[in-house]
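An overview of the molecular structure
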Amino acid sequence: MAIFIRAFELIRSLWLRTILFIVSPFMPRLLPDPYLAAGHERVQSKPVHESRITMTETIFPQHCNAKGLAHAGTILGWIDVAAGISAKRHALTPCVTRSVDDVAFLHTVQIGDIITIQATVNKAWKTSMEVGVKVEAETPMTGERFFVAHAYLTFVALSPRPQAKTYLGSIFLEHSPIRVPEIIPHTAMEKKRYDMAEKRRQSRFQRKLPDLSGVREHMQSLSQGLKETAEENGSSARIRTHPALEANDRDDEDEQILSQLGEDQFYSAHASRRYSRDPTMLLQADEEKSMDSTFAELVELVMPQHANTLSITFGGQIMAWMEACALVSANRLAHAYLLTASVDSLQFIRPTKVGDVVTIRSMVSRTYTSSMEVYVTVEAENMQTSDIKFANDGFFTIVAIDRFNIPVKVPRALPESDAEISLCEGGSERRTKRLAQRLELINLVKSSIGDNTITSSEDPKTPS
């Protein structure tokens with residue numbers, strides 16, 4: 001009986017593929033174009049300014065960590081939304097995020113600050129576009145404006161389709177790339193961005209992605225409990241009583257000791273030092289922990305509010321989830337306030353859609369004096385077919401600070417398996433690259449405002 005069932009499924013699959021192969025070339029011509037149906041006309045080229053968009057957001061407590069500093073994932077989400085709107089204004093069709101270049105955050109943003117995000121299409125090719133995004137912030141109490149970050153995102157335009165009502169309809173109405181108008185630069189700055197966009201595109205093509213499948217398999221085995229982490233093997237959560245749940249109330253001696261603590265004066269006296277002198281954080285500086293002990297996993301169900309009109313998850317939402325998981329791994333290594341300093345380039349290899357279960361796994365891949373590099377990987381599971389596919393991965397650089405924003409020395413993460421050793425050894429090359437790009441960005445911003453450029457030794461905010 002099983003043989004007949006498999007044969008039937010094979011015949012049905014071949015039949016659907018044959019019909020799809022015959023019909024798919026004609027479907028774009030048969031389906032209506034909403035833009036043309038509204039009485040508009042598609043053009044072959046468009047000026048840059050028509051794709052320009054400015055978004056303004058205010059930082060509220062829900063956007064920040066316990067220190068009151070905005071999450072990088074929140075800002076990355078806004079960057080993706082602004083870039084997506086800019087791309088759609090140019091292409092006049094639905095667009096999806098294909099990749100994000102390295103993003104370095106040059107300044108923190110805190111509660112009450114006003115964020116201004118400007119996005120424009122720098123150049124368009126056959127079906128893809130590069131969108132440049134600039135992020136600035138303003139302190140309302142003083143009116144001071146400062147540069148926060150810059151990003152380049154690549155979007156692919158997809159053919160407009162009506163919403164499918166059946167499973168068979170979703171197969172026939174699959175979105176495919178569509179040609180976009182050419183970009184015509186006019187000003188000197190637009191022409192410069194146009195030329196640089198082509199250089200960045202060739203650099204993306206030449207970039208070779210490292211083979212980290214061994215690390216992903218290792219992290220998956222940790223997730224499934226096939227291997228014990230150092231934390232599970234060495235200790236378990238202990239029982240800790242809480243004063244509010246104890247029979248005896250806190251006595252007068254405890255209150256007297258609490259009132260005599262002069263922490264603010266102690267920290268203020270040491271605020272000018274390079275690294276934190278917080279006694280609660282100094283103890284961990286000489287510790288060593290295995291990379292396995294920093295493993296973290298986050299599982300999310302993609303809901304309609306997480307996706308665009310094509311039911312494809314926003315790239316910014318994926319990046320926000322990745323940062324959340326990376327922060328958990330970093331916190332398992334360093335017990336301090338954490339701040340995301342940079343995000344390496346991300347390649348969205350496969351899209352995730354509404355109804356998919358997204359699994360994000362992370363692990364500290366390399367440690368330095370006060371910063372950590374965290375490797376994050378993303379998998380998507382189709383709940384109807386149970387297919388699990390690798391979606392994308394990336395590296396986050398996270399800095400540990402105390403409550404006075406002074407860097408904190410972090411414990412050392414030790415690799416044990418071959419996959420972990422390989423991942424750790426590649427950290428130096430990745431760090432050299434991101435520091436060079438950070439310096440290049442700083443010099444670019446300074447040159448645009450007429451300031452002098454600086455060298456790597458003069459960069460005061462380079463994460464160590």
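How each quantity is defined
Residues numbered from 1 in each chain as written. Predicted model: local features only at pLDDT ≥ 70, side-chain atom pairs only at ≥ 80, totals over all residues. Heavy atoms only, no water. Helix = DSSP H or I, 4+ residues; strand = E, 2+ residues; numbered from the N terminus. Contact = heavy atoms within 4.5 Å. Core = buried A, V, L, I, M, F, W, Y, C linked by side-chain atoms within 4.5 Å. Buried < 20%, exposed > 50% of the residue type's maximum accessible area, 1.4 Å probe, protein only. Phe/Tyr/Trp six-rings, centres within 6.5 Å; stacked < 30°, edge-to-face > 60°. Lys NZ or Arg CZ within 6 Å of the ring centre and 35° of its normal. Axes fitted to C-alpha atoms, helices over the stretch in contact; angles between N-to-C directions. Parallel < 35°, antiparallel > 145°, perpendicular 65-115°, else oblique. Nonpolar A, V, L, I, M, F, W, Y, C, P; charged D, E, K, R; others polar. Pairing = 2+ DSSP bridges. pLDDT = per-residue confidence, 0-100. Salt bridge = Lys/Arg side-chain N within 4 Å of Asp/Glu carboxyl O.

1. What to know about the overall build of the protein
Broken down by element type, the protein carries 14 helices and 16 strands. Looking at the protein alone, contacts between residues at least 24 apart form 75% of all its contacts between residues at least 6 apart.

2. Regarding unusual backbone geometry
Backbone geometry places Leu92, a non-glycine residue, at a positive phi of 60°. Along the polypeptide, Leu92 turns up in the loop between helix 4 (72-91) and strand 3 (95-100). Phi is positive for Ser311, close to 65°, though the residue is something other than glycine. Tracing the chain through its elements places Ser311 in the loop between strand 10 (296-301) and helix 12 (315-333).

3. Let's talk about the side chain of Asn122
With respect to the helices and strands, Asn122 occurs in strand 5 (residues 114-124). Non-local contacts of Asn122, meaning those with residues more than four positions away in its chain, are made with Glu130, Val131, Gly132, Tyr152, Ile183, Arg193, Tyr194, Ala197 and Arg200.

4. Observations regarding the nonpolar core
Among the nonpolar cores identified, the biggest contains 85 residues, and Phe105, Met129, Val133, Ile360, Met372 and Ile398 are the most heavily contacted of them. Apart from residues no more than four positions distant in its own chain, Val133 is found in contact with Ile79, Ala83, Ile117, Gln118, Ala119, Ala149, His150, Ala151 and Leu153. Counting residues in hydrophobic clusters, the runner-up holds 6 residues, among them Ala104, Phe147, Leu441 and Ile442.

5. With respect to the packing of aromatic side chains
Each aromatic ring pair is summarised here by two numbers: the centre-to-centre distance and the angle between the ring planes. By the definition in use, this model includes 1 aromatic pair. Look at Tyr375 and Phe395: their rings are 5.1 Å apart centre to centre, the planes differ by 40°, and that puts the pair in the tilted class. Residue Tyr375 is found in strand 14 (residues 371-381), and its partner Phe395 is found in strand 15 (residues 388-401); the two are separated by 20 residues along the sequence. Comparing Tyr375 with Phe395 shows no difference in burial state: the two are buried. Directly above the aromatic system of Tyr194 lies the positively charged group of Lys123, at a separation of 4.5 Å from the ring centroid.

6. Some thoughts on the packing of helix 13 (residues 418-425) against helix 14 (residues 427-448)
The N-to-C vectors of helix 13 and helix 14 enclose an angle of 25°; their axes lie 4 Å apart at closest approach. With respect to helix 14, the element helix 13 is oriented roughly parallel. Of helix 14, the residues touching helix 13 (which contributes Leu423, Cys424 and Glu425) are Gly427, Ser428 and Arg430. When grouped by side-chain class, the residues that make up the contact of helix 13 with helix 14 number 2 nonpolar, 2 polar and 2 charged.

7. A word on the sheet that holds strand 10
In space, the 6 strands of this open sheet follow the order 4-11-15-14-13-10, with antiparallel pairing throughout. For this open sheet the edge positions go to strand 4 (103-104) and strand 10, each flanked by a neighbour on one side alone. Here strand 10 pairs with strand 13 (residues 357-367) via 6 bridges, running antiparallel. Counted as the bridge partner of Glu297 is Arg361 from strand 13. Those strands touched by helix 13 are strand 13, strand 14 and strand 15, and its axis lies near 65° from that of strand 13.

8. Notes on the environment of Thr120
Mapped onto the fold, Thr120 is located in strand 5. Classification of Thr120 as buried rests on a relative accessible area of 8%. What Thr120 contacts, discounting residues up to four positions off in sequence, is Val48, Ser51, Arg52, Ser86, Glu130, Val131, Gly132 and Arg193.

9. Some points on the pairing of strand 6 (residues 128-138)
Counting buried residues along strand 6, 9 of its 11 residues qualify, which places the element largely inside the surrounding structure. Here 10 bridges tie strand 5 to strand 6, and the two strands are oriented antiparallel to one another. Considered in strand 6, the bridge of Ile117 is made with Val135. Here strand 5 hands over to strand 6 after 3 residues, the two strands then running antiparallel side by side. What sits between strand 6 and strand 7 (residues 145-157) in their antiparallel hairpin is a turn of 6 residues, with Gly143 showing a positive phi close to 80°.

10. Quick look at the packing of helix 4 against helix 12
With their axes 8 Å apart at the nearest point, helix 4 and helix 12 run at an angle of 170° to one another. Between helix 4 and helix 12, the interaxial angle falls into the category roughly antiparallel. Between helix 4, through Ala72, Gly73, Leu76, Gly77 and Asp80, and helix 12, the contact on the second element is made entirely by Gly315, Gly316, Met319, Ala320 and Glu323. Across the contact of helix 4 with helix 12, the residue classes tally to 4 nonpolar, 4 polar and 2 charged.

11. Side note on the confidence of the model for the protein
Averaged over every residue, the pLDDT of the protein is 83; the share at 70 or more is 81%. Of all the helices and strands in the protein, helix 9 (residues 252-259) carries the lowest mean pLDDT, 42, while strand 6 carries the highest, 96. Counting interchain partners and residues more than four positions distant, the pLDDT-below-50 stretch residues 242-273 has 17 contacts.

12. Some thoughts on the pairing of strand 7
In terms of burial, strand 7 is largely enclosed, as 12 of its 13 residues are buried. In the sheet, strand 3 pairs with strand 7 via 5 bridges, with the strands oriented antiparallel. Within the sheet, the bridge partner assigned to Val96 lies in strand 7 and is Val156. Bridge analysis of strand 6 against strand 7 gives 11 bridges, and the strand direction is antiparallel. Residue pairing for strand 7: Glu130 is matched across the bridge by Thr154.

13. Quick notes on the sheet that holds strand 6
Spatially, 2-5-6-7-3-12 is the arrangement adopted by the 6 strands of the open sheet, whose pairing is antiparallel. The sheet terminates laterally at strand 2 (53-58) and strand 12 (346-347), the two strands that pair on one side only. In terms of strand pairing, strand 2 meets strand 5 through 6 bridges, oriented antiparallel. For Ile53, the partnering residue across the bridge sits in strand 5 and is Ala119. Packed onto the sheet, helix 4 meets strand 2, strand 3, strand 5, strand 6 and strand 7 and runs at close to 40° relative to strand 5.

14. Observations concerning the pattern of salt bridges
Counted under the stated rule, the structure contains 15 salt bridges. Put simply, Glu198 and Lys123 hold a salt bridge, and the shortest N to O gap is 3.0 Å. Remark: Lys123 occurs in strand 5 and Glu198 occurs in helix 6 (residues 188-206); sequence separation between them is 75 residues.

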